Amino acid sequence: MSEQAECNCHKTKERSEKEYKDLINRLSRIEGQVRGIKGMVERDVYCTDILVQVAAVNAALNSFNKTLLANHIKTCVTQDILEGREETVDELVAVLQKLMK
């Protein structure tokens, strides 16, 4: 048994194949964009050109967060509420507060 399963201190989420592939593809694109920015810095590219690319990465991460949050609410939060675990709403509120800093 893994340490995670033994302590039961970390939640996990089984995702559909489509959701998994979508999230991984988005992250792979973001990872490529970040590597591209690193290359721009290494090549001494002009600051504003780098800033535009950083803004694109921020937009991509925000889009990733929106997708992940929507999936979370539609699955995990809804299921927990239906099963009477309303503490999940408090958890969601805490996460939203962190996201909105």
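Residues numbered from 1 in each chain as written. Predicted model: local features only at pLDDT ≥ 70, side-chain atom pairs only at ≥ 80, totals over all residues. Heavy atoms only, no water.

Trainee: Looking at this structure, how should I read the pattern of salt bridges?
Mentor: As a working rule, side chains carrying opposite charge can pair if their charged atoms are close by. Taken as a whole, this structure holds nine salt bridges when the rule is applied. For Arg15, the salt bridge is made with Glu19, and the minimal N-O distance between the two is 3.7 Å. We classify Arg15 as partly exposed; its relative accessible area is 38%. Here Glu17 ties to Lys21 by a salt bridge, and the two come within 3.8 Å at their closest N and O atoms. Of the two residues, Glu17 and Lys21 both sit in helix H2 (residues 17-42), four residues apart, roughly one turn of that helix. Judged by its relative accessible area of 47%, Lys21 is partly exposed. In the salt-bridge network here, residues are joined through shared partners; they are Lys13, Arg15 and Glu19. (Salt bridge = Lys/Arg side-chain N within 4 Å of Asp/Glu carboxyl O. Buried < 20%, exposed > 50% of the residue type's maximum accessible area, 1.4 Å probe, protein only. Helix = DSSP H or I, 4+ residues; strand = E, 2+ residues; numbered from the N terminus.)

Trainee: When you look at the side chain of Arg26 in this model, what are you seeing that I'm missing?
Mentor: Secondary-structure assignment places Arg26 in helix H2. A distance of 2.9 Å separates a polar atom in the side chain of Arg26 from a polar atom in the side chain of Ser63. If near-sequence neighbours (up to four positions away) are discounted, Arg26 is found in contact with Ser63, Phe64 and Thr67. (Polar contact = N/O pair within 3.5 Å; in protein donor to acceptor, adjacent residues only side chain to side chain. Contact = heavy atoms within 4.5 Å.)

Trainee: When you look at the confidence of the model for the protein in this model, what are you seeing that I'm missing?
Mentor: Detailed reading of the predicted coordinates is not advisable wherever pLDDT falls low. Looking at the protein, pLDDT values average 90 and 90% of them are 70 or higher. Under a pLDDT of 50 for its full length, residues 1-8 has, in the predicted model, five contacts with residues more than four places off or in other chains. (pLDDT = per-residue confidence, 0-100.)

Trainee: What exactly am I supposed to notice about the environment of Asn65 here?
Mentor: By the element assignment, Asn65 lies in helix H3 (residues 47-82). Taking the C-alpha atoms as reference points, Asn65 and Val41, 24 residues apart in sequence, are found 26 Å from one another.

Trainee: So what exactly am I meant to see when it comes to the nonpolar core here?
Mentor: Within soluble globular proteins, side chains that are nonpolar tend to cluster in buried spots. Among the nonpolar cores identified, the biggest contains seven residues, and these are Leu23, Ile30, Ile37, Met40, Ile50, Val57 and Phe64. For this core, the leading source of residues is H2, giving four residues. Not counting residues up to four positions away in its chain, the partners in contact with Met40 are Val45, Asp49, Ile50 and Gln53. (Core = buried A, V, L, I, M, F, W, Y, C linked by side-chain atoms within 4.5 Å.)

Trainee: Looking at this structure, how should I read the packing of H2 against H3?
Mentor: Relative orientation and spacing of two packed helices are given, respectively, by the angle between their axes and the distance between those axes. It is the contact of H2 with H3, at a shortest axis distance of 10 Å, that shows an interaxial angle of 165°. The pairing of H2 with H3 is recorded here as roughly antiparallel in orientation. By crossing handedness, the relation of H2 to H3 is classed as left-handed. Its residues assigned to classes, the contact of H2 with H3 comprises 15 nonpolar, five polar and four charged. (Axes fitted to C-alpha atoms, helices over the stretch in contact; angles between N-to-C directions. Parallel < 35°, antiparallel > 145°, perpendicular 65-115°, else oblique. Left-handed = near helix turned anticlockwise from the far one by under 90°. Nonpolar A, V, L, I, M, F, W, Y, C, P; charged D, E, K, R; others polar.)

Trainee: Explain H3 here, please?
Mentor: In a regular helix each residue adds 1.5 Å, so 36 residues correspond to 52 Å; H3 covers 51 Å between its end C-alpha atoms and thus fits that length. Approximately 35° is the largest bend angle found in H3, and it occurs at Ile73. Listed in full, the buried residues belonging to H3 are Ile50, Val57, Phe64, Thr67, Val77 and Asp80. In this structure, the buried residues of H3 make contact with H2 and helix H4 (87-99). Just downstream of H3, Gly84 is the residue with a positive phi angle, here 85°. (Expected span 1.5 Å × (residues − 1). Bend = angle between axes of the 7 residues up to and from the residue.)

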